[in-house]
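# An overview of the molecular structure
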Amino acid sequence: MSMAGTVEAEGGGSLHQRILSDISEKILSGAWAPGHRIPFEHELSTQYNCSRMTVNKALSQLAKAGLIERRRRSGSFVRRPQSQAAVLEIHDIRIEVEALGLPYRYERVMRHKRRSSAGDRASLELGLAGPVLALECGHFAGERPFAHEQRLINLTAVPEAADEEFLAIAPGPWLIGRVPWSEAEHRIRAVAADRHIAAALDIEAGAPCLVVERRTWSAEHPVTHVRFTYAAESHTLVARFRPSQG
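The following paragraphs examine the structure supplied in this document. Remember, it's a predicted structure, so these values are computed and weren't measured experimentally.

Turning our eyes to something else, we now look at the environment of Ile23. With respect to the secondary-structure elements, Ile23 resides in helix α1 (residues 3–28). Separated by 15 residues in the primary sequence, Ile23 and Ile38 place their C-alpha atoms 8.4 Å from one another. Contacts of Ile23, omitting those with residues within four sequence positions, involve Trp32, Ile38, Leu44, Leu59 and Leu62.

Printed below as a string of structure tokens:
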């Protein structure tokens, strides 16, 4: 065996790990956004001065981990990470994002306290007009938008929310920590992104989205109505159940 062959055989493992680490870091930091084309195998082989077999092994492992998608004749591309959420649970979006191995960030976009409109009362199932708090929030996975939140809080049921700015904490975990809910309702539907949602999620207008709407009650008093919108390709809903007895 030649000296060059010996060096590559001995160094292949470390080169493989270096390629994995470098590409993973670019993806997870957001430097390479979903859809970004990874350099071709021959380009990486030249860049790292290694065999294409070493590059192929690294790319195969990245594809198996769900970080990239390999397309025949087209090359390899960064995949949009896909989360899974249980349909019948009330959960914190932070947990969804961190389960993907990505840093979570929350941003309050809008906060408006007002007297409920007819639309507000329909969303919350309120019989009488009263004060509500309307919120719009963004949830991010790394540098990428993950979910867009539009929420109404019934201030008659949760008066302390009127003084909360929701700058440091998202309204979901804030409510869970303060209001014991007794009943919840989920509605799930598919929509095409309008311009507002497209801008919020950094997707094309008309792109398919998954909308999860939830109402919660505490001792029969409506507490909140929230609408979470996700890019359809990035989110999966999961339900696990048993057959009813009898």
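Having seen it, we continue.
Turning next to the nonpolar core. Considering soluble globular proteins, one finds that nonpolar side chains tend to be buried as a cluster. Counting residues in each nonpolar core, the largest one holds 26 residues, and the members touching the most others are Ile93, Ile153, Val158 and Phe166. If you list the elements that add at least two residues to this core, you get α4 (93–99), β5 (104–115), β6 (131–141), β7 (144–154), α6 (171–178) and β10 (221–231). If we ignore the near neighbours within four places in the chain, the residues touching Ile93 are Tyr104, His139, Phe146, Ala147, Phe228 and Tyr230.

Whenever strands of a sheet pair, they do so through backbone hydrogen bonds, lying parallel or antiparallel. Ordered in space as β1-β3-β2, the three strands form an open sheet in which the pairing is antiparallel. Edge positions in the open sheet fall to β1 (37–38) and β2 (68–71), since each of these has one partner strand only. Judged from the four bridges that link them, β2 and strand β3 (residues 75–78) form a sheet pairing that is antiparallel. Bridge pairing links Arg70 to Ser76 in β3. Contacts between helix α3 (residues 52–64) and the sheet are confined to β1, β2 and β3, with β2 contributing the most and set at about 120 degrees to the helix.

Calculation criteria
- Residues numbered from 1 in each chain as written.
- Predicted model: local features only at pLDDT ≥ 70, side-chain atom pairs only at ≥ 80, totals over all residues.
- Heavy atoms only, no water.
- Helix = DSSP H or I, 4+ residues; strand = E, 2+ residues; numbered from the N terminus.
- Contact = heavy atoms within 4.5 Å.
- Core = buried A, V, L, I, M, F, W, Y, C linked by side-chain atoms within 4.5 Å.
- Buried < 20%, exposed > 50% of the residue type's maximum accessible area, 1.4 Å probe, protein only.
- Pairing = 2+ DSSP bridges.
- Axes fitted to C-alpha atoms, helices over the stretch in contact; angles between N-to-C directions.

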